[in-house]
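For reference, the chains in residue letters:
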Amino acid sequence: MTNTPFALTIPEAVEYTRIGRSSLYAALRTKELVARKAGRRTVILRQDLETWLLSRPVAYPAAA
């Protein structure tokens, strides 16, 4: 069993993905990524975060 939590706060999602906070908030604003409220805390389900990351365009190296 892994130690990875089921849901991540915004700061945890930033650390987990190594993607900037602004980029995560932009994805939330455009509804590309879904967040949920747990009391006053905003959380992102790890599965939703991983699905969103996998939907991002593939980056190919520039031709030399």
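All of these numbers come straight from a predicted model, not from anything done at the bench. (Residues numbered from 1 in each chain as written. Predicted model: local features only at pLDDT ≥ 70, side-chain atom pairs only at ≥ 80, totals over all residues. Heavy atoms only, no water.)

1. With respect to the nonpolar core
Then, number 1: Judged by nonpolar contacts, Leu8, Ile10, Ala13, Leu24, Ala27, Leu28, Leu33, Ile44, Leu49 and Trp52 together constitute the single largest core of 10 residues.
Then, number 2: Contributing elements (two or more residues each) for this core: α1 (10–17), α2 (21–29) and α3 (46–54).
Then, number 3: Not counting residues within four places of it along the chain, the set of residues in contact with Leu28 comprises Ile10, Leu33, Val34, Ala35 and Ile44. (Core = buried A, V, L, I, M, F, W, Y, C linked by side-chain atoms within 4.5 Å. Buried < 20%, exposed > 50% of the residue type's maximum accessible area, 1.4 Å probe, protein only. Helix = DSSP H or I, 4+ residues; strand = E, 2+ residues; numbered from the N terminus. Contact = heavy atoms within 4.5 Å.)

2. Quick word on the pairing of strand β3 (residues 41–45)
Then, number 1: In this sheet, β3 lies alongside strand β1 (residues 7–9) in antiparallel orientation, the contact comprising three bridges. If you follow Leu8 over to β3, its bridge partner there is Ile44.
Then, number 2: In this structure, strand β2 (residues 36–38) lies alongside β3, joined through three bridges in antiparallel fashion. When the sheet's bridge partners are listed, Ala38 is paired in β3 with Arg41.
Then, number 3: A loop of two residues connects β2 with β3, the two strands running antiparallel in sequence, and Gly39 in this loop sits at a positive phi of about 70 degrees. (Pairing = 2+ DSSP bridges.)

3. Some points on the side chain of Thr9
Then, number 1: Relative to the elements of secondary structure, Thr9 occurs in strand β1.
Then, number 2: Overall, Thr9 belongs to the buried group, its relative accessible area being 13%.
Then, number 3: Excluding residues within four positions of it along the chain, Thr9 makes contact with Arg41, Thr42 and Val43.

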